[in-house]
Amino acid sequence: MQKHIAVIKYTFKPSGRVLYIVKGVHHDYITTRHFCTCYDYNFRKKKEGCAHMQALSEAIESNKYEEFMLDDEEYSQIFKYELYDVLREEPR
Ligand SMILES: [Zn+2]
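Predicted, not measured: the structure shown is a model, and the values here were computed from it.

Rules and cut-offs
- Residues numbered from 1 in each chain as written.
- Predicted model: local features only at pLDDT ≥ 70, side-chain atom pairs only at ≥ 80, totals over all residues.
- Helix = DSSP H or I, 4+ residues; strand = E, 2+ residues; numbered from the N terminus.
- Buried ≥ 20, exposed ≤ 12 C-beta atoms within 10 Å, placed from the backbone.
- Core = buried A, V, L, I, M, F, W, Y, C linked by C-beta atoms within 7 Å.
- Pairing = 2+ DSSP bridges.
- Axes fitted to C-alpha atoms, helices over the stretch in contact; angles between N-to-C directions.
- Contact = placed C-beta atoms within 7 Å.

## Describing the overall build of the protein chain
Tallying secondary structure elements over the protein chain gives three helices and four strands in all. Reading the protein chain from its N end, one meets helices and strands in the order β-β-β-α-α-β-α. Each principal axis of the C-alpha distribution contributes one length, and for the protein chain these read about 35 × 30 × 20 Å. Each of the 92 residues in the protein chain was classed as buried or not, and the buried ones make up 20%.

As structure tokens, then:
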């Protein structure tokens, strides 16, 4: 059974910088194909990566993500917000 995990792609103008956010059950994570800000990825170090990395790969392959265009000025604000969301998480 595959849980639906929403993926959001932010593209920043004019730099073209891209940020993927994977929305988990309780938190949002900053995820790339090789890195994720979640607890699972950083502490359990599963060889196949975490559920968010898998969700991101699937989303990119099937083009199933929400896409937003933002100004470069908003990058650090979004980045900080998402990081703050993750760092509030209590270790399980
Ligand atoms: Zn993750």
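## Points about the nonpolar core
Core analysis: the biggest nonpolar cluster contains 13 residues, and Val7, Val22, Ala55 and Leu56 have the highest contact counts within it. Of all the secondary-structure elements, those providing two or more residues to this core are β2 (18-23) and α2 (51-62). At five residues, α2 tops the list of elements feeding residues into this core.

## Focus: the environment of Glu73
With respect to the helices and strands, the residue Glu73 is situated in the loop between β4 (66-71) and α3 (75-87). Assessed through the 9 C-beta atoms surrounding it within 10 Å, Glu73 is described here as exposed. In this structure, the C-alpha to C-alpha distance between Glu73 and Arg17, residues 56 residues apart in sequence, is 11 Å.

## Describing the pairing of β2
With six bridges connecting them, strand β1 (residues 6-13) and β2 associate as antiparallel partners. Residue pairing in the sheet places Ala6 in a bridge with Lys23 of β2. Remark: four residues form the turn of the hairpin made by β1 and β2, two consecutive strands paired antiparallel; Gly16 in that turn has positive phi of roughly 80 degrees. In this structure, β2 lies alongside strand β3 (residues 28-30), joined through three bridges in antiparallel fashion.

## Some thoughts on the sheet that holds β1
Strand order in the open sheet made by the four strands is β3-β2-β1-β4, with mixed pairing throughout. Only two strands of the sheet have a single partner each, and these edge strands are β3 and β4. Across the sheet, the mean angle from the axis of one strand to that of its neighbour is 25 degrees, orientation sign disregarded. Bridge analysis of β1 against β4 gives six bridges, and the strand direction is parallel. From the neighbouring strand, Ile8 faces β4, where its bridge partner is Glu66. Strands in contact with α2 are β1, β2 and β3; relative to β2, the strand with the most contacts, it is inclined by about 120 degrees. Against the sheet, α3 makes contact with β1, β2 and β3, and its axis sits at roughly 120 degrees relative to β3, the strand it touches most.

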